[in-house]
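# Observations on the model geometry
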Amino acid sequence: MVETNVEARFSIFETMTMEDYEQVVFCHDKVSGLKAIIAIHDTTLGPALGGLRMWNYASDEEALIDALRLAKGMTYKNAAAGLNLGGGKAVIIGDAKTQKSEALFRAFGRYVQSLNGRYITAEDVNTTVADMDYIHMETDFVTGVSPAFGSSGNPSPVTAYGVYRGMKAAAKEVYGTDSLGGKTIAIQGVGNVAFNLCRHLHEEGAKLIVTDINQDALRRAEEAFGALVVGPDEIYSVDADIFAPCALGATLNDETIPQLKVKIIAGAANNQLKEDRHGDMLQERGILYAPDFVINAGGVINVADELDGYNRERAMKKVELVYDAVSKVIEIAKRDHLPTYRAAEKMAEERIATMGSARSQFLRRDKNILGSRG
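The paragraphs below set out a description of the structure included in this document. Source: prediction; values computed, not measured.

Glancing now at helix α3 (residues 60-80). Taking 1.5 Å of rise per residue, the 21 residues of α3 would be expected to cover 30 Å, and the 31 Å separating its terminal C-alpha atoms lies within 8% of that figure. Among the 21 residues of α3, 15 are classified as buried, and the element is accordingly described as predominantly covered. Trailing α3 by a residue or two, Gly82 shows a phi angle of about 80°, which is positive.

Oppositely charged side chains may form a pair once their charged atoms are brought near each other. Going through the model one piece at a time under the given rule, you end up with 24 salt bridges. Its salt-bridge partner being Asp336, residue Lys346 comes within 2.6 Å of it at the nearest N-O pair. Note that Lys346 is positioned in helix α14 (residues 340-373) and Asp336 in helix α13 (residues 322-336), a separation of ten residues in sequence. By relative accessible area, Lys346 is classed as partly exposed at 24%. Exposure remark for Asp336: the relative accessible area of 23% places this residue in the partly exposed category. The partner of Glu345 in a salt bridge is Arg342, and the shortest N-O contact between them spans 3.0 Å. Here the residue Glu345 and the residue Arg342 both occupy positions in helix α14, the gap between them amounting to three residues, near one helical turn. Here the salt bridges share partners, and the residues they tie into one network are Arg53, Asp66, Arg69, Lys89 and Asp124.

Met167, Ile185, Ile187, Leu197, Leu201, Leu208 and Val294 are the most contacted members of the largest nonpolar core, which totals 66 residues. Per-element tally for this core: the top contributor is helix α6 (residues 156-175), with nine residues. When sequence neighbours within four positions are dropped, the list of residues in contact with Val294 reads Ala80, Val322, Ala325, Val326, Val329, Ala344 and Met347. Within the second largest apolar cluster, 23 residues are counted, among which are Leu34, Leu52, Leu104 and Met132.

As for its position among the elements, Ser32 is in the loop between β1 (23-29) and β2 (34-42). Among the polar contacts made by the side chain of Ser32, one reaches the side chain of Asp29 at a distance of 2.6 Å. Apart from residues no more than four positions distant in its own chain, Ser32 is found in contact with Ala103, Leu104 and Ala107.

Buried residues of helix α5 (residues 129-136): Asp131, Met132, Asp133 and Ile135, and no others. Elements that come into contact with the buried residues of α5 comprise β4 (52-55) and α4 (102-114). Where α5 begins, one side-chain oxygen reaches toward the backbone nitrogen of Ala130, 3.4 Å away; that side chain belongs to Thr128.

This part covers the packing of α6 against α13. Contact geometry for α6 and α13: axes closest at 7 Å, N-to-C directions at 40°. Where α6 crosses over α13, the two elements pack in a sense that is right-handed. Where α6 abuts α13, its residues Gly162, Arg165, Gly166, Lys168, Ala169, Ala170, Lys172 and Glu173 lie against Val322, Tyr323, Val326, Ser327, Ile330 and Lys334. Taken together, the residues of the contact of α6 with α13 break down into six nonpolar, three polar and five charged.

Mapped onto the fold, Val262 is located in the loop between β10 (242-245) and β11 (264-265). The class for Val262 is buried, based on a relative accessible area of 7%. C-alpha of Val262 to C-alpha of Thr184: the two residues are 78 residues apart in sequence and 9.3 Å apart in space. Contact partners of Val262, with chain neighbours within four places excluded, come to Ala240, Asp241, Ile242, Phe243 and Ile287.

Burial within strand β7 (residues 184-188) is extensive, with five of its five residues counted as buried. Burial along β7 is two-sided: Thr184, Ala186 and Gln188 facing one way and Ile185 and Ile187 facing the other are all buried. Bridging between β7 and strand β8 (residues 207-211) involves five bridges; their strand directions are parallel. Across the sheet, residue Ala186 finds its bridge partner in β8, namely Ile209. At this point the chain moves from β7, through helix α7 (residues 192-204), to the parallel β8, and the crossover so formed is right-handed. Pairing of β7 with β10 involves four bridges; the strand directions are parallel. Within β10, the position partnered with Ile187 by the bridge is Ala244.

Criteria and thresholds
Sequence order as written defines the numbering, with residues in each chain counted from 1. Reporting in this predicted model follows two pLDDT cut-offs: at least 70 for local features of residues, and 80 or more for side-chain atom pairs to be given and counted; totals over whole chains, interfaces and linings ignore these cut-offs and use all residues. Just so you know, side-chain values use all the structure's heavy atoms and leave hydrogens and water out. Each helix corresponds to a stretch of at least 4 residues labelled H or I by DSSP, and each strand to a stretch of at least 2 residues labelled E; elements are numbered beginning at the N terminus. Given a helix with a known number of residues, its expected span is that number minus one, times 1.5 Å. Throughout this description, buried means an accessible area under 20% of the type-specific maximum (1.4 Å probe, protein chains only), exposed means over 50%, and partly exposed covers the range between. Should a side-chain nitrogen of Lys or Arg be within 4 Å of a carboxyl oxygen of Asp or Glu, the pair is scored as a salt bridge. Residues belong to one nonpolar core when they are buried, are Ala, Val, Leu, Ile, Met, Phe, Trp, Tyr or Cys, and are joined through side-chain atoms within 4.5 Å. In what follows, a contact means two residues having at least one pair of non-hydrogen atoms within 4.5 Å. Each polar contact in these results corresponds to two N or O atoms within 3.5 Å; when the atoms are within protein, one needs to be able to donate a hydrogen and the other to accept it, and residues that are neighboring in sequence are counted only if both atoms are side-chain atoms. Axis lines are fitted to C-alpha atoms, over the contacting stretch for helices. Their N-to-C directions set the angle, which ranges from 0 to 180 degrees. It is the rotation of the near helix from the far one that decides the hand of a crossing: anticlockwise by less than a right angle makes it left-handed, clockwise makes it right-handed. Here the nonpolar group is Ala, Val, Leu, Ile, Met, Phe, Trp, Tyr, Cys and Pro; Asp, Glu, Lys and Arg are the charged ones; every other residue, Gly included, is treated as polar. Strands pair, by our definition, only if DSSP identifies at least two bridges between them. Orient the strands so they point away from the viewer, and a crossover whose first-strand-to-second-strand path over the helix runs clockwise is right-handed.

It is worth stressing that arrangement in space is one thing and function is another; only the former is reported here.
Here you go:
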């Protein structure tokens, strides 16, 4: 008898029951070496949309936990963004530098196709447009493919524009105006999204302080925007109005929060709070936190538009509404005396509950009509 260490440490069905997950699919293909997990959290609002990441996880259990965590996060992100989509995520276990192949991604595409539209995949960490094109050879349930197939292309500029709009909404609440001209903004990480964010801020007349472990990225920001460069550990304590985490997650924690001198946190990074209680800490310190899954939703709003036949103008108009979403979160937080991270969750949960109730009523009415005809 084979002993399953995962079961001893981690009960998948207990977790699925407690957190209301709908489905987990384990995908294996011997020929290509595919080992993947697709997690579907909630499809109340529509099919689950979420990216595919490839990571060399230390164990199968670690990959499973990551897929589950990310899928639930997409449920909240899609709901808060007003999309008629549920939450899902997929992970491929492997080294993205050495184990990628056409066969691998096409095998994954066949698994996506077997779900008949319950899950729609997209780019994520360590996956690219080229990878999505391979998946597209096996299924139509994929976004972020090459523009030749009707895709929206690189999502970074659109994500950045959504963050910019959300930052302006936060500024309106704190300063009484959404103008960012003259404001000093500390930006942690200057990757593709953050660089585009810097462009918007620079054009509006903001002063930029940046940090990154990539020296080339720092030089580019310094030359393009006159940004002041500081060390990675210095970014938290600089004199600034707004802090924009745009790199790794969990950067808002017990060590960093006491150093902050800003009045607003609004950035592109995922999972910025190390723990929920750090959102409470920010509220206690009088710092307005724009919840990450609300303010960085521009990318998913953009790729979701592909499902209706991509229209750039229409997509950008939808992304502009990140401003309204952040404003609504702030309104709920003030009304219900909640930290903003919890207000954002409540906004998403209320939308899911409302639509779930409406769907249930429709199904009951439809069943009664059919019954009466019988």
